[in-house]
Amino acid sequence: MQVKAEIGNELRRIWSEFQAANAGVRIRDAARELGVSEGELVACEVGEGVTRLTDDFAGLLQELAPLGRVMALTRNEEVVHERKGVYENVETGLPHGMALFVNPDIDLRIFLGNWKYGFAVEKEGPRGVSRSLQFFGKDGTALHKIFLTESSDIEAYSDLVRKFRAPEQIASIEVSESDPQSPDNPDSEIDVEGLRRDWQDLRDTHDFFPLLRKYKVGRKQALRLAGDELAREVDVASLRFVLQEARDRKVPIMVFVGNRGIIQIHTGTVENVLEARGWYNVMDEDFNLHINESEVDSAYIVRKPTADGVVTSLELFNRNNEEVAMFFGKRKPGIPELEEWRRIIEDLEEASVA
């Protein structure tokens, strides 16, 4: 315990000096520069505005609704997804450690088996005190954050922190590397004809992942091999075209962004679309999206047959062949895809071919 305390104190000193010399630095960028994880930087300030939480994440999720309107933030290295709303209609105890929030605003698919550490963080800033709940994986990478807004219930937040406060307030965490992504099998070992045949016979978009497992094929690898009828590679700048056209045509869309611990979904229209400091952004009242285009390596138009007709998406990947964002037209099971969305993708495809 004494060794852990010394480690935490030393990192706290380094972090404090770094912040003093680099005002306004984002903690994720600071962690990268200091050679530690974001979770370690948060943990080292336990006792100074940071409270360590228990690992009863399922229990905590069940008691988020009283916080009222908050901002949910999920990101990966390339894309940041922020959505305001209330954490209502939670389901926990689902198979494979899953939990769900299904709401018009807060719509999440959570993989609790990959959640390791949680903290309540209160920070004084230019706009006053920021209060948040922050959750990290075993490697210290941030998986999900919940920020209070001006209309949140601060008393409910304080009650929640007290209830889920860890008995020992240790100012450090033990990090370990995440399980590496399995490399794709060689293309020559994939039954491409079988993959295409079963893909064309899909009845639900949720059957796509089992299809990949059946043929032991990576997601991007499957898109490469499927042929243009099912998946066509397009320029990364296609994400701009899709967002701008959805804005101009007032077509409601769905935006999926995730990491190992969670997938966060926005459903609705987008209005304020713009470029700033190398990122492409949606800056709306309830929804913000930030895409680091320089880190997005490839984009595909993807078509999946379902019982309700073909479902079309634009899917973005990073240099490690990991999916970082997906764009769909607004839809629900039992309802065909929006024709307006389909036309956007068809126009994109025509422009790409030209």
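Going by the structure above, here's the rest.
Next up on the list: the overall build of the protein. Helix and strand counts for the protein come out as 10 helices and 18 strands. What you see for the protein is a C-alpha radius of gyration of 21 Å, in line with the 20 Å of a compact globule of 354 residues. The principal-axis extent of the C-alpha atoms belonging to the protein is close to 60 × 45 × 40 Å. Restricting the contact set of the protein to residue pairs at least 6 apart, pairs at least 24 apart contribute 62%. Of the roughly 17,700 Å² that the protein leaves accessible, carbon and sulfur atoms contribute 48%.

Below, the discussion takes up the sheet that holds strand 17 (residues 311-317). As summarised here, the arrangement of the 9 strands in space is 4-5-6-12-11-18-17-16-10, forming an open sheet in which the pairing is antiparallel. Among the strands making up the open sheet, the edge pair consists of strand 4 (90-94) and strand 10 (231-234). Neighbouring strand axes in the sheet, compared pairwise and without regard to direction, differ in orientation by 15° on average. Sheet topology note: the strand 6 (residues 107-111)/strand 12 (residues 262-268) ladder contains 4 bridges and is antiparallel.

On to the environment of Gly-140, then. Within the secondary structure layout, Gly-140 lies in the loop between strand 8 (128-136) and strand 9 (142-148). Separated by 75 residues in sequence, Gly-140 and Tyr-215 place their C-alpha atoms 33 Å apart. With residues near it in sequence (within four places) discarded, Gly-140 still touches Ser-37, Glu-38, Gly-39, Ile-173 and Val-175.

Below, the discussion takes up the nonpolar core. General note: in soluble globular proteins, nonpolar side chains tend to be found buried as a group. Formed by 30 residues in total, the largest nonpolar core has its most connected members in Leu-243, Leu-289, Leu-314, Leu-316 and Phe-327. When residues of this core are traced back to their parent elements, those giving at least two are helix 9 (238-249), strand 11 (253-259), strand 14 (279-283), strand 15 (287-292), strand 16 (298-304), strand 17, strand 18 (323-329) and helix 10 (339-353). Those residues in contact with Leu-316, other than ones at most four positions away along the chain, are Leu-239, Val-296, Ser-298, Ala-299, Glu-322, Glu-323, Val-324, Ala-325 and Phe-327. The next biggest cluster of nonpolar side chains, apart from the first, holds 28 residues, and it includes Phe-135, Ile-146, Leu-148 and Ala-156.

Okay, the packing of helix 9 against helix 10 next. In a pair of packed helices, the angle between the axes and the distance between the axes together describe the arrangement. It is the contact of helix 9 with helix 10, at a shortest axis distance of 10 Å, that shows an interaxial angle of 140°. Comparing the axis directions of helix 9 and helix 10 gives the class oblique. Read as a crossing pair, helix 9 and helix 10 show a hand that is right-handed. Residue-level contacts link Ser-238, Phe-241, Val-242, Glu-245, Ala-246 and Arg-249 of helix 9 to Glu-340, Trp-341, Arg-343, Ile-344, Ile-345, Asp-347, Leu-348 and Ser-352 of helix 10. Taken together, the residues of the contact of helix 9 with helix 10 break down into 7 nonpolar, 2 polar and 5 charged.

Quick look at the pattern of salt bridges now. Counting across every chain of the model gives 36 salt bridges. Close ionic contact of Asp-107 with Arg-109 constitutes a salt bridge, the shortest N to O distance being 2.6 Å. For Asp-107, a relative accessible area of 8% translates into the label buried. Exposure remark for Arg-109: the relative accessible area of 24% places this residue in the partly exposed category. A salt bridge links Glu-293 to Arg-240; the shortest N-O distance between them is 2.7 Å. In this pair, Glu-293 sits in the loop between strand 15 and strand 16 while Arg-240 sits in helix 9, placing the two residues 53 residues apart along the sequence. Residue classification places Glu-293 among the buried positions, given a relative accessible area of 16%. Relative accessible area serves as the criterion here: at 23%, Arg-240 is assigned to the partly exposed category.

The subject of this paragraph is the sheet that holds strand 14. Overall, antiparallel pairing links the 9 strands, which are arranged 1-7-8-9-2-3-15-14-13 in an open sheet. For this open sheet the edge positions go to strand 1 (50-52) and strand 13 (273-276), each flanked by a neighbour on one side alone. Each adjacent strand pair in this sheet contributes to an overall mean axis angle of 15°, direction not counted. By the bridge criterion, 9 bridges tie strand 7 (residues 117-125) to strand 8 in an arrangement that is antiparallel.

Parameters and conventions
Residue positions are given per chain, counting from 1 as you read along its sequence in written order. Since the coordinates come from a predicted model, pLDDT governs what is reported: local features require at least 70, and pairs of side-chain atoms require 80 or more to be given and counted, while whole-chain, interface and lining totals use all residues. No hydrogens and no water enter the side-chain calculation; it runs on all heavy atoms of the structure. Comment: elements are numbered from the N terminus, with helices defined as DSSP H or I runs of at least four residues and strands as E runs of at least two. A radius of gyration in this sense is built from C-alpha atoms; the matching globule rule multiplies 2.2 Å by the number of residues raised to 0.38. In this description, contact between two residues means that some pair of their heavy atoms is separated by no more than 4.5 Å. Accessible surface is estimated by sampling points in the Shrake-Rupley manner with a 1.4 Å probe; for residues, cover comes only from the protein chains shown. Paired strands, as defined in this entry, are two strands with at least two bridges between them according to DSSP. Here, axes are lines fitted to C-alpha atoms. For helices the fit covers the stretch in contact, and angles between N-to-C directions go from 0 to 180 degrees. Among buried residues, those of type Ala, Val, Leu, Ile, Met, Phe, Trp, Tyr and Cys that are joined through side-chain atoms within 4.5 Å constitute a nonpolar core. Whether a residue is buried, partly exposed or exposed follows from its accessible area with a 1.4 Å probe, protein chains only, as a fraction of its type maximum: under 20%, in between, or over 50%, in that order. To sort the angles, those under 35 degrees are grouped as roughly parallel, those over 145 as roughly antiparallel, those from 65 to 115 as roughly perpendicular, and the leftovers as oblique. Note on convention: the crossing is left-handed when the near helix lies turned anticlockwise from the far helix by less than a right angle, right-handed when the turn is clockwise. Here the term charged refers only to Asp, Glu, Lys and Arg, the term nonpolar to Ala, Val, Leu, Ile, Met, Phe, Trp, Tyr, Cys and Pro, and the term polar to all other amino acids, Gly among them. By salt bridge we mean one thing: a side-chain nitrogen of Lys or Arg within 4 Å of a carboxyl oxygen of Asp or Glu.

Fair warning: the whole summary comes from geometry, so function is off the table for now.
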